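Read off the chains here:
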Amino acid sequence: LGNSLTVYHKTLQIYCGEIQQQILWLQDKPTNGPTLSEFYWRCRNLRTTAAVLGLTELMQVLRNFEHLTQVPDAAGFAALRKSLEHWLEILAQLQALTGEIRLQPTELQQQFILTELEFLAIELAASNMHAVARFSAIQRRLAQLDAASTSTLDKLINQLDFNAAVKIVEQNICVLRE
């Protein structure tokens, strides 16, 4: 996931939604809903995403339930649903934690971002189109500091509203200097 906490958090949100869909499907009795083949692929997709997210225990749980496609068993489906509900609670806690974590840049990284923002502010104030390229180069690093501000800045720069963008950049510079 590119060592991006933002991407991890977003992927985790989507994954929790997929687990909720699987739980709803299991409540509707798998024999009445989609085919068992679809159930198999849903489990397999959940298992693969669990591996990507580093959730090895959940990955193993899902692997253990894949046999239900060969020997459908109501008790097995109920056990899977209960297990997924349990994991959903754990993932909600993980999601809350990843949403709160803000990685602090090293002093050198912070100085680099500060210098780039100062150059960006100069280019934006001069309505220089090089500001678009400079912002693209630092956008990911800047998003790790303040995702909301970076998103707003991205919109303003893409709309070529350099006057409003320079104000956001100047606010970010002030925050970094503190």
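These notes cover the structure that comes with them. The model shown is predicted, which means the values in this text are computed figures rather than measured ones.

**What to know about the overall build of the protein**
A tally of helices and strands in the protein yields eight helices and zero strands. Secondary structure elements of the protein occur, N-terminal to C-terminal, as α-α-α-α-α-α-α-α. For the protein, with 178 residues in total, the buried portion stands at 34%. Of the contacts formed within the protein by residues at least 6 apart in sequence, a portion of 62% connects residues at least 24 apart. Surface exposure of the protein reaches about 10700 Å², of which carbon and sulfur atoms provide 54%.

**Quick notes on the pattern of salt bridges**
Per the counting criterion, the structure on display carries four salt bridges. The residue Glu116 makes a salt bridge to Arg134 at a minimum N-O spacing of 2.9 Å. Placement of Glu116 in helix α5 (residues 107-125) and of Arg134 in helix α6 (residues 130-145) is noted, with a sequence separation of 18 residues between them. Taking relative accessible area as the criterion, Glu116 reaches 15% and is therefore assigned buried. For Glu123, the salt bridge goes to Arg134, with nearest N and O atoms at 3.0 Å. Placement of Glu123 in helix α5 and of Arg134 in helix α6 is noted, with a sequence separation of eleven residues between them. Each member of the salt-bridge network shares a partner with another, and the members are Glu116, Glu123 and Arg134.

**Concerning the packing of helix α1 (residues 5-27) against helix α2 (residues 36-52)**
The contact between α1 and α2 brings their axes to 11 Å, and the two run at 155°. Comparing their axes, α2 and α1 come out roughly antiparallel. Here α1 runs over α2; the crossing is left-handed. Residue-level contacts link Tyr15, Glu18, Ile19, Gln21, Gln22, Trp25 and Leu26 of α1 to Phe39, Arg42, Cys43, Leu46, Thr49 and Ala50 of α2.

**Side note on the side chain of Asn172**
Within the fold, Asn172 resides in helix α8 (residues 162-177). The contacts of Asn172, once residues within four sequence positions are left out, are Leu117, Leu142, Asp146 and Ser149.

**Some remarks on the environment of Ile168**
Note on placement: Ile168 falls in helix α8. For Ile168, the contacting residues outside a window of four places in its chain are Ser149, Thr152, Leu153 and Leu156.

**Here's the deal with helix α7 (residues 147-158)**
Each full turn of the α-helix corresponds to 3.6 residues, which orients residues three or four apart in the same direction. Taking 1.5 Å per residue, twelve residues should reach 16 Å; α7 reaches 16 Å between its end C-alpha atoms and fits that length. Listed in full, the buried residues belonging to α7 are Ser149, Thr150, Leu153, Leu156 and Ile157. End-on view of α7: buried residues confined to an arc of 125°, all on one side of the axis. Opposite its buried face, α7 presents the exposed residues Ala148, Lys155 and Asn158, each directed more than 90 degrees away. Just downstream of α7, Leu160 is the residue with a positive phi angle, here 60°.

**Some words on the side chain of Ser83**
Topologically, Ser83 is positioned in helix α4 (residues 74-100). Given the relative accessible area of 17%, Ser83 is considered buried. When near neighbours in sequence (up to four residues on either side) are disregarded, Ser83 contacts Val61 and Phe65.

**Observations concerning the environment of Val169**
Counting through the fold element by element, Val169 comes out in helix α8. The exposure class of Val169 is buried, given its relative accessible area of 0%. Apart from residues no more than four positions distant in its own chain, Val169 is found in contact with Leu117, Leu120, Ala121, Leu124 and Leu153.

Calculation criteria
Residues numbered from 1 in each chain as written. Predicted model: local features only at pLDDT ≥ 70, side-chain atom pairs only at ≥ 80, totals over all residues. Heavy atoms only, no water. Helix = DSSP H or I, 4+ residues; strand = E, 2+ residues; numbered from the N terminus. Buried < 20%, exposed > 50% of the residue type's maximum accessible area, 1.4 Å probe, protein only. Contact = heavy atoms within 4.5 Å. Areas by Shrake-Rupley, 256 points an atom, 1.4 Å probe, with all protein chains shown as cover. Salt bridge = Lys/Arg side-chain N within 4 Å of Asp/Glu carboxyl O. Axes fitted to C-alpha atoms, helices over the stretch in contact; angles between N-to-C directions. Parallel < 35°, antiparallel > 145°, perpendicular 65-115°, else oblique. Left-handed = near helix turned anticlockwise from the far one by under 90°. Expected span 1.5 Å × (residues − 1). Arc of directions from axis to C-beta.

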